[in-house]
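# Commentary on secondary and tertiary structure
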Amino acid sequence: MDVNSKIYGLLTCFLQSLLLSSTTLEPFDLLYDNGVEAFYKGDYGNVVRYMESALKSFSEVRQTTIRCRLQCSDQHRFDSFLTDKIFEVILYRAHCINQCTEGKIEAQSMYKVSEDVIQDFNRRIPYNYLQLAYRKLGQLDKAASAAHTYFQANPEHVEMGGHLEQYKAQKGVKEEHLIDRESRPHQKAFFAGVKLYDKGNYEESVTLFEEALTEYYRADVECRALCEGPQHFEEQNHVLYKYNLYELISDHYTQVLHCQHECIRDLATCPGRLSTMENYLPLHYDYLQFAYFQAGRNEKALECALTYLLFHEGEEFMTENVEHYREVLGHDGQPRKVRHDLKATKMAKKLIVFNEPIDSVHKSAWLQYTGSADYKFVVVCVHVYTGGPLLYENVRLVQNSVTLNGSQRALFDDVISEDECSELKHLSVTAAGDGYKGKMSPHTPNEKFEGATVLKTLKYGYEGRVPLKSARLFYDVSEKARRILESYFMLNSTLHFSYTHLVCRTAISGQQEHRNDLSHPIHADNCLLDPEANECWKEPPAYTYRDYSALLYLNGNFDGGEFIFTEMDAKTVTASVKPRCGRMVGFSSGGENPHGVRAVTRGQRCAVALWFTLDPLYRELERLQADEVIQALDNQHMWDQGLHINPKDEL
């Protein structure tokens, strides 16, 4: 009997070894390299095989690493803070992780992969190869899925956006094929919950928000586990320093703590973005408390409201909600248990803007940092008021932030006269070029777009190609607009020009029927609008340094062309402005003011477009040069209309 047991045991071991050897995990960087090589050979079948295997291997290595680290951390805990015990636990834990990982993914898949390859996978580059290969193989449903997955993390990739539109029009490609294969479960559930919430489906949204919370905490545990491995010591070269073992361990775990703190930021960041979603984790509890309230489940609503206050103690609106729930229920409640280190998840990448009935705006930014293992807060409050003097006698405030249904918005009339409008409009026609950076129609092919800068018009004026006094008027009018905004918004620092453009949009005849596009799509001026996430990411290629914007209109005798403000969904219009001579709309440049221009369907729409910054480092270079030209011409008294100027002279 003993002999049979031994034989059975040996056979079992042999079979297990055979199975393991047949499912050996190949290194994902090698598979990826093979896939790229196959692509350039035109071997699209192997591109698919290698890239799909590389993605699977990458995911398996990650999941195995997480499982092993969590398992070994649980087996070897830091139950004592005695130095010798800590050292012992670290060694046992490291040995445990090595054994566990080798047993799961084989030694050949454990070696260090270059950062460049890791970045390619994080940026979803393999999916770009896959969508091209699947398209060549005629598998359009899979190509669409790969393209959609890539585009979610690379929304600025114009070519891929075009491919997606082509796939959508192809027979055999359905809506269900446009899936994000790398979607993060906690964000997927959260955004789906928000959509249902916005539609008033509160009961269904509750299920998704609760799922999102569960997935968030799971993702947080996994992220922190991934921080436990080797660390890159920023600005430290341990070859040059004679560190002892304990100092090295201390430095290592300082890096681990920093990495774990960054998990808060990572989980609140959408793929392909640098900026975090504002107030991400607490927002779950905010949505939940109201959804539970709407569903008549006040016990749960109170619980979630109290949990929200763990993150934002004393928040006025939520404190009032708590009092209401207590009054309705007749008793108090308890918040949910939230890990201490997750109470500091207030994301402060952007300013939060509150509207107030007195038309003042309070901006509050929370700066978050860690000085030790505990998280601390520094609170910085900046008050920005509107309603200052308009400086010029004839200028009238027509609408403020309240009547424009937003924040830091204002509409002025009679900023310039009819004669000044006519002169500037004539200047725009005479001096206009081809828009931005040589693009004839930068926003829509259905309109002609032309523009000129202050320096360009001064140059033309000096050469005698346009009236010099008209170029000076353009300069003076833009300065007038700057002063009005600086005074009205009561800024305590100087507004500097960031860019100034005299622009005209002209409807192209024969291309106006059945138009469904905009003259200028909905956008924000200093951040990348993401309607799907209901966010605006303050990161390049947006002009993140711009703080205020203005449009001064020169005419109104055209069809369409209304300026519109929207919600962050880029669909819900909150205010509409019909251009007319001397009318100016001014507003802050951030995500609180998404805006666009409706299609110009007949005639020509002209305006002076202005963008400003509070940071002198980002002053418009052309404006500084124009200042010098104006000063030189002032000194030479060259503004006499009868003065003849040699066109060959240089500024």
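Residues numbered from 1 in each chain as written. Predicted model: local features only at pLDDT ≥ 70, side-chain atom pairs only at ≥ 80, totals over all residues. Heavy atoms only, no water.

- The name an unreviewed UniProt entry assigns to the protein is procollagen-proline 3-dioxygenase, from the organism Sinocyclocheilus anshuiensis.
- In its Sequence similarities (unreviewed entry) section, the UniProt entry covering the protein states "Belongs to the leprecan family." (UniProt positions renumbered as here; feature names shortened; annotations may be inferred.)

## Thoughts on the packing of aromatic side chains
- In this structure the tally under the stated criterion is 34 aromatic pairs.
- On the numbers, 6.0 Å between centres and 65° between planes, the contact of phenylalanine 190 with tyrosine 287 is edge-to-face. Here phenylalanine 190 is found in helix α9 (residues 185-198), whereas its partner tyrosine 287 is found in helix α12 (residues 280-294), with 97 residues between them in sequence. In this pair, the class of phenylalanine 190 matches that of tyrosine 287, namely buried.
- Here tyrosine 216 and tyrosine 217 contribute two aromatic rings whose centre-to-centre distance is 5.7 Å and whose plane-to-plane angle is 90°, an arrangement assigned as edge-to-face.
- Judged by its relative accessible area of 1%, tyrosine 216 is buried. (Phe/Tyr/Trp six-rings, centres within 6.5 Å; stacked < 30°, edge-to-face > 60°. Helix = DSSP H or I, 4+ residues; strand = E, 2+ residues; numbered from the N terminus. Buried < 20%, exposed > 50% of the residue type's maximum accessible area, 1.4 Å probe, protein only.)

## With respect to the state of the cysteines
- For the structure on display, the rule yields seven disulfides.
- With its sulfur 2.0 Å from that of its partner, cysteine 527 forms a disulfide with cysteine 536. Linking cysteine 527 and cysteine 536, the disulfide has an S-S dihedral of approximately 95° and is accordingly described as right-handed. Here cysteine 527 matches cysteine 536 in class, with each residue buried. (Disulfide = S-S within 2.5 Å.)

## Observations regarding the sheet that holds strand β5 (residues 409-413)
- Spatially, seven strands are ordered β4-β5-β15-β11-β18-β7-β6 in an open sheet, and the strand pairing comes out antiparallel. Each edge of the sheet is formed by a strand with only one pairing partner; in this case those strands are β4 (396-399) and β6 (447-452). Neighbour to neighbour, the strand axes of the sheet diverge by 25° on average, direction disregarded.
- By the bridge criterion, six bridges tie strand β11 (residues 548-553) to strand β18 (residues 604-613) in an arrangement that is antiparallel. Each residue of the ladder has a partner; that of serine 549, found in β18, is tryptophan 611. (Pairing = 2+ DSSP bridges. Axes fitted to C-alpha atoms, helices over the stretch in contact; angles between N-to-C directions.)

## What about the sheet that holds strand β13 (residues 563-566)?
- What the four strands build is an open sheet, ordered β8-β16-β13-β14; its pairing is antiparallel. Single-partner strands in this sheet number two, and they are β8 (520-523) and β14 (573-577). Looking at each pair of strands side by side, their axes are set apart by 20° on average, direction ignored.
- In terms of strand pairing, β13 meets β14 through four bridges, oriented antiparallel. Of the residues in β14, the one forming a bridge with isoleucine 564 is serine 576.

## Examining the confidence of the model for the protein
- The predicted model of the protein has a mean per-residue pLDDT of 81, with 80% of residues at 70 or higher.
- Considering only residues more than four positions removed or in separate chains, one finds that residues 10-22, a stretch of pLDDT under 50, has zero contacts.
- Below pLDDT 50 for its whole length, residues 641-651 participates in 13 contacts with residues either more than four positions away or in separate chains. (pLDDT = per-residue confidence, 0-100. Contact = heavy atoms within 4.5 Å.)

## With respect to α9
- Here α9 contains 14 residues, and its C-alpha end-to-end distance of 20 Å stays within 8% of the 20 Å for a straight helix at 1.5 Å per residue.
- Every buried residue of α9 is listed here: His186, Gln187, Ala189, Phe190, Phe191, Gly193, Val194, Leu196 and Tyr197.
- Two residues or fewer past α9, glycine 200 is found with a positive phi of approximately 85°. (Expected span 1.5 Å × (residues − 1).)

## Section: the nonpolar core
- If you look at the biggest cluster of nonpolar residues, it comprises 45 residues, and the most contacted ones within it are Phe412, Val415, Ile416, Leu424, Leu485, Met584 and Phe612.
- Contributions of two or more residues to this core are made by β5, α15 (418-431), α16 (454-462), α17 (468-488), β7 (496-507), β11, β18 and α18 (621-636).
- Looking at this core element by element, the count peaks at ten residues for α17.
- Those residues in contact with phenylalanine 612 that sit more than four places away from it in its chain are Arg482, Leu485, Leu495, His496, Phe497, Ser498, Tyr545, Arg546, Asp547, Tyr548 and Ala550. (Core = buried A, V, L, I, M, F, W, Y, C linked by side-chain atoms within 4.5 Å.)

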